[in-house]
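Chain by chain, the residues:
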Amino acid sequence: MRTVALFGNPLRRTHSAVMHNAAFAAFGIDARYELREVRESDLAEQVRQARDEQWLGFQITAPHKQVIMPLLDEIEPDALRIGAVNSVEARADGRLIGFNTDVSGFMTALREHVGTDLGGAEVVVAGSGGVGHAVSYGLAKDGAGHLTVLDLDAADARRLASRFGDLAAIEPMAFADPRVRDRLAGADLFVNATSVGMLTPGPVVDVGLIAPRAAVFDVVYLPRLTELVRRARARGMRAEGGAGMLVAQAAAAFGRWTGAGDATTVMRAAVEPLLRRDDLAP
């Protein structure tokens, strides 16, 4: 049996394992996706084990998305630009190739569920952390005309802007900046790339300030109907949560590891009961 694993610490959710194991079964692939809580001091040993021929690859979540990079043989350009790896392909010769599925997962879900034309679009992104980097990079690369990136500390947003400033016009700004109101009023798309709405109450901004014509995308998938999405839909806006991104990034990694067909439908059906259960949880 071939092996795939998720390395992180702590690991509180089983969504990835459920999706991938359902896909392995559906495509008749003798493989198993495991969850492994790994401390940073043990990461190098886990990576050494993954060079064994029984491994297809592995995924990485917090807090290891950056520290994993020096342990790999090659990192693909998009992951290098973002500065984080969340998936690794184990080649037959034992080489480990790092890539990032957050960008493709986000862009796939955005097009499928929101359908916004990004050509010249005015976009506001809340958050300049790891997901904020992936989201902003994808939007800039796909032709967004102007990005305003918000964070509690404008210095964090400035670092993101300097990283991707060659791809699009990016304006870094603190949430408290009075200019935020104007940027939200002129937006074609608003993206929440923070954990607000999941780890802390939301929404991350006053939805009433966002242009009514704008689309809204929330990367948070638990709960599926975040307060941001609920309020945006109540105003008649196109709005979607992060469940589609969760599935799309998983399907991208699965295809890379196996060369099999599109596992999106299988993965979506497999994870639906988990998402429904989480929606009902107190």
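Everything quoted here is computed from the prediction, not taken from an experiment.

Q: What's the story with the layout of surface pockets in this structure? I'm lost.
A: Remark: the empty space left among the atoms is shown by a probe the size of a water molecule rolled over them. If you add up the space inside the largest pocket, you get close to 1,200 Å³. Taken together, 37 residues form the lining of the largest pocket, with Arg13, Thr61, Lys65, Val131 and Tyr221 sitting closest to its centre. Residue assignment for the lining of the largest pocket shows that the elements contributing at least two residues are α1 (15–26), β3 (55–60), α5 (130–141) and α9 (243–258). Residue contributions to the lining of the largest pocket peak at 3 residues, all from α9. Its residues assigned to classes, the lining of the largest pocket comprises 16 nonpolar, 16 polar and 5 charged. Of the pockets and cavities examined, the second largest pocket occupies roughly 300 Å³. If you go around the second largest pocket, you meet 19 residues; those closest to its centre are His113, Glu240, Ala243, Gly244 and Arg268.

Q: Which parts of the structure should I look at to understand helix α8 (residues 227–234)?
A: Residues Leu228, Val229 and Ala232 constitute the buried set of α8. Angularly, the buried residues of α8 cover 95° about the axis, an arc narrow enough to put them on a single face. Summarising the contacts, the buried residues of α8 are in contact with β10 (189–192), β11 (215–218) and β12 (239–240). Glycine 236 sits one or two residues past α8 and shows a positive phi near 85°.

Q: What should I look at first to understand the nonpolar core in this one?
A: Generally speaking, nonpolar side chains in soluble globular proteins are found buried as a group. Among the nonpolar cores identified, the biggest contains 33 residues, and Phe106, Leu110, Val123, Leu139, Val191 and Phe217 are the most heavily contacted of them. For this core, the elements supplying multiple residues, two or more each, are α4 (102–114), β7 (122–126), α5, β8 (146–151), α6 (154–164), β10 and β11. Per-element accounting of this core gives the leading share, 6 residues, to α4. Not counting residues up to four positions away in its chain, the partners in contact with phenylalanine 217 are Phe106, Ala109, Leu110, Val114, Phe190, Val191, Asn192, Glu240, Gly241, Gly242 and Met245. Residues Ala17, Met19, Phe24 and Phe254 belong to the second largest nonpolar core, which totals 26 residues.

Conventions adopted
- Residues numbered from 1 in each chain as written.
- Predicted model: local features only at pLDDT ≥ 70, side-chain atom pairs only at ≥ 80, totals over all residues.
- Heavy atoms only, no water.
- 1 Å grid on protein atoms, 1.4 Å probe; cavity = no way out; pocket = protein on both sides within 12 Å on 5 of 7 lines; lining within 4 Å.
- Points joined across faces, edges and corners; volume = space filled by probe spheres on them.
- Helix = DSSP H or I, 4+ residues; strand = E, 2+ residues; numbered from the N terminus.
- Nonpolar A, V, L, I, M, F, W, Y, C, P; charged D, E, K, R; others polar.
- Buried < 20%, exposed > 50% of the residue type's maximum accessible area, 1.4 Å probe, protein only.
- Arc of directions from axis to C-beta.
- Contact = heavy atoms within 4.5 Å.
- Core = buried A, V, L, I, M, F, W, Y, C linked by side-chain atoms within 4.5 Å.

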